[in-house]
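In case you want the letters, here they are:
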Amino acid sequence: MGRSSKDKRDIYYRLAKEEGWRARSAFKLLQLDEEFQLFEGVRRAVDLCAAPGSWSQVLSRKLKGGAGEGPEAVKIVAVDLQAMAPLPGVVQIQGDITKVSTAQEIIQHFEGQPADLVVCDGAPDVTGLHDIDEYIQAQLLLAALNITTHVLNKGGTFVAKIFRGKDVTLLYSQLRIFFPNVTCAKPRSSRNSSIEAFVVCRGYCPPEGYVPNMSNPLLDHCYDVDFNQLEGPNRVIVPFLACGDLSAYDSDRTYPLQLAPGKEYSYVPPTQPPIRPPYQEACFLKKNNLLAKEPGPPPLEEAGPAPSYGSVLEPQGCPPETAVENVLASLSMSP
Ligand SMILES: C[S@@+](CC[C@H](N)C(=O)[O-])C[C@H]1O[C@@H](n2cnc3c(N)ncnc32)[C@H](O)[C@@H]1O
């Protein structure tokens with residue numbers, strides 16, 4: 001895909017760059033807020049799985065008003081495994097949301113006070129194998145719920161990305177243990193073709209005597225029942241809501257570029273490319289044809305010893321590891 005073809009196909013991607021958001025996901029949180037007024041009265045907010053930072057930008061603009069200088073009492077903490085470029089008014093933690101130490105660090109930044117709002121747009125690297133992707137996403141959501149039970153104030157709100165896969169009812173039932181009010185919402189900027197949606201969980205109220213811990217996200221439910229077969233009061237069904245103004249752009253449509261008469265299209269670079277994303281090394285190797293390839297069968301007349309897997313790198317005059325090290329050194333990375 002060319003640099004500009006996504007601009008031409010995806011209106012929210014284009015708008016994000018024009019409006020200075022780091023990712024098109026910003027619109028998802030904005031549209032969820034239009035529906036649920038998520039930010040009302042919020043003084044301490046946590047953005048889990050925040051990189052490259054568009055949700056943190058939304059939090060900063062909405063709670064602190066633009067430059068991030070806003071009311072001193074408002075505090076925003078963003079957490080991600082990956083490094084994120086700094087954002088005014090947002091404290092960043094490079095950490096794992098499945099670790100209790102991350103919860104402790106968040107609380108430290110709030111000086112011992114609990115948060116009013118926790119949002120999580122977390123997504124693992126998808127494999128393309130739907131069952132596995134859904135399972136991993138569910139685990140990440142439960143990890144987010146777990147860490148939330150350590151940091152959220154009673155009555156607080158939790159918003160998280162969910163995949164509406166076949167065991168989604170199990171997740172709803174977990175969420176309902178902690179929140180009396182759970183809604184599944186699909187913002188207009190989230191493509192219909194995607195099973196992604198967001199749970200908006202309000203009125204945090206853990207069960208009597210519940211002690212937060214990171215080891216048992218599934219509480220007393222087990223995973224060996226087909227929850228979608230359950231009926232009556234055993235089946236947890238939460239309301240589903242499409243949100244975002246009806247006049248908002250439809251993310252599944254292609255809109256023409258809105259160019260002034262006589263104006264040529266010019267590419268707008270992303271507001272803030274990710275810092276050292278995990279795929280950076282692979283992209284570099286691929287672009288420079290340095291990826292090791294499994295050798296095909298040698299021509300019959302030349303059949304000699306089979307070349308090694310690293311043979312693509314060897315013509316450079318060094319063993320594969322050295323070639324990779326050179327490449328990484330040029331990117332200032334260590335293997
Ligand atoms: C879709 S991106 C989030 C986009 C972000 N909301 C924004 O608007 O810019 C998903 C993020 O989840 C992060 N992530 C996945 N697993 C994580 C974990 N265990 N702990 C912390 N972050 C994680 C990834 O590093 C990735 O940056």
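Bear in mind that the values here come from a model prediction, so they are computed numbers and not experimental data.

Q: Help me understand the overall build of the protein chain, please; the structure alone is not making it clear to me.
A: Of regular secondary structure, the protein chain possesses nine helices and eight strands. Residues classed as buried in the protein chain amount to 33% of the 335 residues present. Long-range contacts, defined as pairs at least 24 residues apart, comprise 69% of the intrachain contacts of the protein chain with a sequence gap of at least 6.

Q: What is the right way to look at the confidence of the model for the protein chain in this model?
A: It should be kept in mind that the predicted coordinates are not to be read in detail where pLDDT is low. In this model, the protein chain carries a mean pLDDT of 81, and residues with pLDDT of at least 70 account for 78%. Considering only residues more than four positions removed or in separate chains, one finds that residues 306–328, a stretch of pLDDT under 50, has 31 contacts. Across residues 330–335, confidence stays below pLDDT 50; counting only partners more than four residues off in sequence or on other chains, it has eight contacts.

Q: How do you make sense of the site of the ligand when you look at a structure like this?
A: Among the 23 residues in the neighbourhood of the ligand, the closest are listed as Ser-25, Cys-49, Ala-51, Ser-54 and Asp-121. Looking at the shell around the ligand, the elements that each hand over two or more residues are α4 (54–64) and β2 (75–80). Of the residues belonging to the shell around the ligand, the class tally is 13 nonpolar, six polar and four charged.

Q: Sorry, what's going on with the UniProt feature "active site" (unreviewed entry) in the protein chain here?
A: Mapped onto the present numbering, the UniProt feature "active site" (unreviewed entry) falls on Lys-161. Tracing the backbone shows Lys-161 in strand β5 (residues 152–163). With 21 C-beta atoms packed within 10 Å, Lys-161 lands in the buried category. When near neighbours in sequence (up to four residues on either side) are disregarded, Lys-161 contacts Cys-120, Asp-121, Gly-122, Ala-123, Glu-196 and Phe-198.

Reading guide: rules and limits
- Residues numbered from 1 in each chain as written.
- Predicted model: local features only at pLDDT ≥ 70, side-chain atom pairs only at ≥ 80, totals over all residues.
- Helix = DSSP H or I, 4+ residues; strand = E, 2+ residues; numbered from the N terminus.
- Buried ≥ 20, exposed ≤ 12 C-beta atoms within 10 Å, placed from the backbone.
- Contact = placed C-beta atoms within 7 Å.
- pLDDT = per-residue confidence, 0-100.
- Near = placed C-beta within 6 Å.
- Nonpolar A, V, L, I, M, F, W, Y, C, P; charged D, E, K, R; others polar.
- UniProt positions renumbered as here; feature names shortened; annotations may be inferred.

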